[in-house]
Amino acid sequence: MSDIGERVKKIVVEHLGVEPEKVVDNASFIDDLGADSLDTVELVMAFEEEFGCEIPDDAAETILTVGDATKFLEKNAKS
Amino acid sequence: MRRVVVTGLGMVSPLGCGVEPTWKRILNGESGARRIESFDVSDLQTKIACTVVRGDGSNDSFNPDKWMEPKDQRKVDDFIIFGMAAAGQALDDANWHPETEEDKCATGTMIGSGIGGLNGIADTAILLKERGPRRVSPFFIPGRLINLASGYVSIAHGLKGPNHAVVTACSTGAHAVGDAARLIALGDADVMVAGGAESPISRIGIAGFNAARALSTGFNETPEKASRPYDKDRDGFVMGEGAGVLVLEELEHARRRGARIYAEVIGYGLSGDAYHITSPSPDGNGGFRSMSAALKRAGLTPSDLDYINAHGTSTPLGDEIELGAVERLLGNAASKVAMSSTKSSTGHLLGAAGAIEAIFAILAIRDNAVPPTINLDNPSVATAIDLVPHKAKQREVNVALSNSFGFGGTNASVIVRRLAS
């Protein structure tokens, strides 16, 4: 997993309080990791904070899995 | 109307996590006041408070992880975590864990708070100013709203009955107990999880109450001496934090399932001062009327009272006004009644005060013991009422009244009685 992938995973583990083993690329935040709609908003905010970028609402709506987040951030991360 | 009894108790207080450790320390005459360590107090007039001791659960310390997932704790202010802990204890104590849809729908929640998520509001206001609206958490609102203590408890325990919350400043806890008892009496619920929770100890909380000239400022070096109701050197209340929750239950419902019954809630009175936003009316008429209304509801006379848990916050004005109202109420019966302020030990838990004090009134009945008013070295006025200075006393207690008065001129009195076997 890329460096960005590791950082995404760490944020997901912290925010959703899930076991690290469950945070795999195809894990869905809502269906597999127990997040609700407010959790996903907060997760996106945490990614913005960590990677120094803005994630517009229409992009945020397409980030449904750990892999989606990693892929988006590999392209857009500023820090 | 249906009769209402108390079948479960739960508490987080500055004297410990749990009802029994707190009660034991109160009867020992201990104080929960200490120097504030969690934030900078150098520019605050008041540098002390009755804080809840956080820890791993040993020595009766409060371990929040026992009551709420760490990932959820982050989303809420402490009053919600205190409320979850006290409610969890109370439901365990009552052995009431509804599983059928019928039982869930018959069980409601009414846990109030005086202020709610003050700290989270203050912190988020700074974040908004410094970093803009995109940094405001989606959990900001639901983690601060007062009724979310009830909300979280309802969700955690599957309670689908009335989901309500009281907000009447420092009389919140007493109003919650009284109002929840009425919901049961009128048949809206069979069981209510009722009480108050508060987490006001913060820079903004201290600064605000200091500005209102409400807090003790003269005992920063001797915090355990600061809360001294009725004493001539008292100079304001000591802020406390925590939660008290009671499981109230319809009498026959409790009997059918063989629940242990602590006491019956037999009286509840409410009134307004219509006088001033923070000062009690000098004639004490508001408190007098709330106590009179509670006695009338209970079908009792003042001489039936054995113990009064006073509002008694240790403010220069309030203590004597309440004492005067109680003397007027009791008349010739004054010399047979004991009245103490457990705020001398716990500090003032604001919206949780009425709930923890209703619990102390119930425990006074259970143990035939009246808790002391500590630090009462030199009473500022003479009275025939036994204010129980310094040391707890063993004495028969069958009927106890608890007073709570709040900013806005709001008053509540709750009367509990030993259930005849």
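Model, not experiment: these values are computed from the prediction.

**Some points on the UniProt feature "modified residue: O-(pantetheine 4'-phosphoryl)serine" (unreviewed entry) in chain A**
Moving on, step 1. The positions that UniProt labels "modified residue: O-(pantetheine 4'-phosphoryl)serine" (unreviewed entry) are, in the present scheme, Ser37 of chain A.
Moving on, step 2. Considering the arrangement of structural elements, one finds Ser37 of chain A in helix α2 (residues 37–51).

**Focus: the pattern of salt bridges**
Residues and elements named next belong to chain B.
Moving on, step 1. Counted according to the given criterion, the structure contains 33 salt bridges over all chains.
Moving on, step 2. Among the ionic pairs, Arg144 bridges to Asp77, the shortest N-O distance being 2.4 Å. Highlighted residues: Arg144 in the loop between α5 (118–131) and α6 (148–157) and Asp77 in the loop between α2 (70–73) and α3 (78–94), separated in sequence by 67 residues. Like Asp77, Arg144 is buried.
Moving on, step 3. Its salt-bridge partner being Arg366, residue Asp367 comes within 2.8 Å of it at the nearest N-O pair.
Moving on, step 4. Relative accessible area serves as the criterion here: at 27%, Asp367 is assigned to the partly exposed category.
Moving on, step 5. Under the relative-accessibility criterion, Arg366 is labelled partly exposed at 33%.

**A word on the nonpolar core**
Residue and element names in this part refer to chain B.
Moving on, step 1. Val6, Leu9, Leu246, Leu248, Ile362 and Val416 are the most contacted members of the largest nonpolar core, which totals 49 residues.
Moving on, step 2. Among the elements of the structure, β1 (4–13), α1 (19–27), α7 (172–185), β7 (191–198), β8 (242–250), β9 (263–272), α13 (353–367) and β15 (410–417) are those that each provide at least two residues to this core.
Moving on, step 3. Per-element tally for this core: the top contributor is α13, with eleven residues.
Moving on, step 4. Mapped onto the domain boundaries, this core takes at least three residues apiece from domain 1 (4–257) and domain 2 (268–417).
Moving on, step 5. With 31 residues, the next largest nonpolar core counts Phe62, Val191, Ala243 and Val245 among its residues.

**Some words on the interface of chain B and chain A**
Moving on, step 1. Listed per partner, the contact involves eleven residues of chain B and 14 residues of chain A.
Moving on, step 2. Taking both sides of the interface into account, the surface hidden between chain B and chain A amounts to around 1100 Å²; carbon and sulfur atoms contribute 43%.
Moving on, step 3. It is Arg134, Arg135 and Pro138 of chain B that lose the most area in chain B upon contact with chain A, and together they represent 48% of the buried surface on that side.
Moving on, step 4. Here chain B and chain A share six salt bridges between them.
Moving on, step 5. Glu49 of chain A is the partner of Arg131 of chain B in a salt bridge, and the nearest nitrogen-oxygen pair spans 2.8 Å.
Moving on, step 6. Per-class residue counts for the side of chain B that touches chain A are four nonpolar, one polar and six charged.

Cut-off values and rules
Residues numbered from 1 in each chain as written. Chains lettered and ligands numbered in written order. Predicted model: local features only at pLDDT ≥ 70, side-chain atom pairs only at ≥ 80, totals over all residues. Heavy atoms only, no water. UniProt positions renumbered as here; feature names shortened; annotations may be inferred. Helix = DSSP H or I, 4+ residues; strand = E, 2+ residues; numbered from the N terminus. Salt bridge = Lys/Arg side-chain N within 4 Å of Asp/Glu carboxyl O. Buried < 20%, exposed > 50% of the residue type's maximum accessible area, 1.4 Å probe, protein only. Core = buried A, V, L, I, M, F, W, Y, C linked by side-chain atoms within 4.5 Å. Domains from an automatic or database assignment. Contact = heavy atoms within 4.5 Å. Buried area = accessible area lost by both parts, 1.4 Å probe. Nonpolar A, V, L, I, M, F, W, Y, C, P; charged D, E, K, R; others polar.

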